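# Observations on chain architecture
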Amino acid sequence: MPIKVVHVAVGAIVSPDGKILIARRAADAHQGGLWEFPGGKVDAGETIHQALQRELYEELDIQVEQTEPLIQIRHDYVDKSVFLDVYKVLAFSGEPRGVEGQPVRWVNIPELSDYPFPAANKPIITALQLPDSLLITGDFDSHTDFLFRLERALQRGIRLVQLRCPSASPEQFRGLAQLAKTLCEQYQATLLCNTTRDNFSRCAGDGLHLNSHELRTYESRLIDDSKLLGASCHNAEEILQALRIGVDYVCLSPVAPTSSHPNAAVLGWEKFAELVQNTGVPVFALGGMDCDDIEIAKAHGGQGIAAISCFWNK
C-alpha cells in the first residue's frame, strides 16, 4: 500500500530585526517536544497560501501579509511521510503568541542550529542560514588583484564565497584559501573550497564544494556536519548522487547560456524548477546568471544564484 504523503504549509516568520519565530511541539504530538517552524496540513481545496494564512492565525494569532518561497522538502519518517512547502513570512500583523499554549521564541538565525528540530527541518535551517548570492571566484592577475576583487564583492554584501581555482596546485590553492579566509572573517562571510577532500582537510575554509567529477567518487558524506558540503550538478542523476552523500546545498547549471560554455545545452527556468522540486536542499541557479536573476531563481524554488561575472568582475 502506498505511503500517504502529508502536505504541510510551513512559515519561517521573520521579525523586523531578522530573527526567526520557532515553537515547541506538544509532548504527545508527532515528533513531540522538538522545536519547529509553525504551520500545518494543507486541507483539501486549499492553496498553500490559504493554508499558511489559516494555520498561522490559528496557531499564533497573526495575519500573514507578505511571503516569499524558501524551500520544498519531501521527508520520510518511519511512521509517515511529509512534503513541506516552506515560505518566509516577511510581513505580518498582530503579536505572535502560542494560542494553543505552545512555547514560542524569537531566535537569531545562526542560533537555530542549537535547537532540537525534527529531521525534516534541517534543510529549512540551512536555507535560512545561507544567503541568496554565492560568489564563485574567477580569474585574477596577482594575489593583490585576487584580494581586491574579493574585498570589493564583500563590501557589496556578498557573504558566501566559493574559492575555485582549477589551475592552482594543491599548495597554491591552500595559500589562496588562507588569504580568502582571513578576509572573509573580517566580513563574517563563509568560505567554501572547491577542491578535493584530501586538500580540504589541510585548507582554511568553512565548507567543501565538489565538482561533478569529485561528486561521483564518493558513497557517503565525507566531512563533518559542522562544515558545509555542496556540489555542482547538471541533471537529476547528479542531484541524486549529491543527496546520497548528504550535501547541504547544490549548484545547478547551466540555467542560461554562458560565455565559458557557449555550446552547452541549457536547462532553462522550467527545467530548473522541476529539478529543484525534488531536491530538498537549497539550490543555487548557476550559469549565465546576473543579479536581476536572484528573485527569478527564488520564484522557481531556488535559494538564489551562484555566479562569477556579476560578482567577481563588476
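Quick summary incoming for the structure in this document.

About the thresholds
Residues numbered from 1 in each chain as written. Predicted model: local features only at pLDDT ≥ 70, side-chain atom pairs only at ≥ 80, totals over all residues. Heavy atoms only, no water. Helix = DSSP H or I, 4+ residues; strand = E, 2+ residues; numbered from the N terminus. Rg over C-alpha atoms; globule rule 2.2 N^0.38 Å. Buried < 20%, exposed > 50% of the residue type's maximum accessible area, 1.4 Å probe, protein only. Areas by Shrake-Rupley, 256 points an atom, 1.4 Å probe, with all protein chains shown as cover. Lys, Arg positive; Asp, Glu negative; His and termini not counted. Charge placed at Lys NZ, Arg CZ, Asp CG, Glu CD. Polar contact = N/O pair within 3.5 Å; in protein donor to acceptor, adjacent residues only side chain to side chain. Pairing = 2+ DSSP bridges. Axes fitted to C-alpha atoms, helices over the stretch in contact; angles between N-to-C directions. Contact = heavy atoms within 4.5 Å. Expected span 1.5 Å × (residues − 1). Right-handed = clockwise from strand over helix to strand, strands pointing away. Left-handed = near helix turned anticlockwise from the far one by under 90°. Nonpolar A, V, L, I, M, F, W, Y, C, P; charged D, E, K, R; others polar. Salt bridge = Lys/Arg side-chain N within 4 Å of Asp/Glu carboxyl O.

## Let's talk about the overall build of the protein
- The helix and strand tally for the protein stands at 10 helices and 15 strands.
- On C-alpha atoms alone, the protein measures out to a radius of gyration of 20 Å, which is about the 20 Å that the 2.2 N^0.38 rule sets for 314 residues.
- Structurally, the protein occupies a C-alpha span of about 60 × 45 × 35 Å along its principal axes.
- Of all 314 residues assigned to the protein, the portion counted as buried reaches 49%.
- Only carbon and sulfur atoms are counted for the fraction: they give 49% of the accessible area of the protein, which is about 15,300 Å².
- Both charge centroids of the protein, one from 28 positive and one from 40 negative side chains, sit 4 Å from each other.

## Regarding the environment of Asn235
- Of note, Asn235 is situated in the loop between strand S12 (228-233) and helix H7 (236-244).
- Here the side chain of Asn235 touches Glu237 through a polar contact of 3.2 Å, landing on its backbone nitrogen.
- In this structure the side chain of Asn235 is engaged in a polar contact, spanning 2.8 Å, whose partner is the backbone nitrogen of Glu238.

## What to know about the sheet that holds strand S6 (residues 81-93)
- Read across the open sheet, the 4 strands follow the order S4-S1-S6-S5; overall the sheet is mixed. Edge strands, defined here as strands with exactly one partner in the open sheet, are strand S4 (39-41) and strand S5 (63-76). Strand after strand, the sheet turns through a mean of 20° between neighbouring axes, direction not considered.
- Strand direction decides the pairing type here: strand S1 (residues 5-13) and S4, joined by 3 bridges, are antiparallel. In the strand pairing of S4, Val10 is matched with Gly39.
- Contacting S1, S5 and S6, helix H2 (residues 122-129) runs over the sheet at an angle of about 130° to S5.

## Focus on helix H3 (residues 143-155)
- The terminal C-alpha atoms of H3 lie 18 Å apart, and with 13 residues this matches the ideal 18 Å at 1.5 Å per residue to within 8%.
- Listing the buried residues of H3 in full gives Asp145, Phe146, Arg149, Leu150, Arg152, Ala153 and Leu154.
- The inward-facing, buried residues of H3 abut strand S8 (133-136), strand S9 (160-163), helix H4 (170-186) and helix H10 (309-312).

## As for the pairing of S9
- Where burial is concerned, the two faces of S9 agree: the one with Leu160 and Gln162 and the one with Val161 and Leu163 are both buried.
- Bridging between S8 and S9 involves 2 bridges; their strand directions are parallel. Considered in S9, the bridge of Ile136 is made with Gln162.
- On the question of chirality, the crossover connecting S8 to the parallel S9 by way of H3 is right-handed.
- Here 4 bridges tie S9 to strand S10 (residues 190-194), and the two strands are oriented parallel to one another.

## Considering the side chain of Glu238
- Along the chain, Glu238 falls in helix H7.
- Discounting residues that sit within four places of it in the chain, Glu238 has contacts with Ser212, Leu215, Arg216, Ser232 and Cys233.

## Observations regarding the sheet that holds strand S3 (residues 35-36)
- On the basis of which strands lie adjacent, the open sheet formed by 3 strands has the order S3-S2-S7 and antiparallel pairing. Since the sheet does not close on itself, it has two edges, and those belong to S3 and strand S7 (104-107), each with one partner.
- As defined by bridge partners, strand S2 (residues 20-24) adjoins S3 across 2 bridges and the pair is classed as antiparallel. Across the sheet, Arg24 pairs through a bridge with Trp35, a residue of S3.

## Let's talk about the pairing of S1
- Burial analysis of S1 places 7 of its 9 residues in the buried class, which makes it a mostly covered element.
- By the bridge criterion, 9 bridges tie S1 to S6 in an arrangement that is parallel. Across the sheet, Ala9 pairs through a bridge with Asp85, a residue of S6.

## Re the packing of H3 against H4
- Relative orientation of the contacting elements H3 and H4 amounts to 30°, with a least axis distance of 11 Å. Note on packing geometry: the crossing formed by H3 with H4 is right-handed. Seen from H3, the contacting residues are His143, Phe146, Leu147, Leu150, Glu151 and Leu154; seen from H4, they are Leu176, Leu179, Ala180, Leu183 and Cys184.
- Residue composition of the contact of H3 with H4, grouped by class: 9 nonpolar, 1 polar and 1 charged.

## Remarks on the pattern of salt bridges
- Tallying each qualifying case throughout the model produces 19 salt bridges.
- Residue Glu58 pairs with Arg54 through a salt bridge whose shortest N-O separation is 3.5 Å. Within this pair, Glu58 and its partner Arg54 are both found in helix H1 (residues 48-60), separated by 4 residues, close to a single helical turn.
- The residue Arg221 makes a salt bridge to Asp248 at a minimum N-O spacing of 3.1 Å. Taken together, the residues Arg221 in the loop between helix H6 (212-215) and S12 and Asp248 in the loop between H7 and strand S13 (249-252) connect sequence positions 27 residues apart.
- Here Asp248 falls in the buried class, since its relative accessible area comes to 7%.
- By sharing partners, the salt bridges in this structure join Asp43, Glu46, Arg54, Glu55 and Glu58 into a single network.

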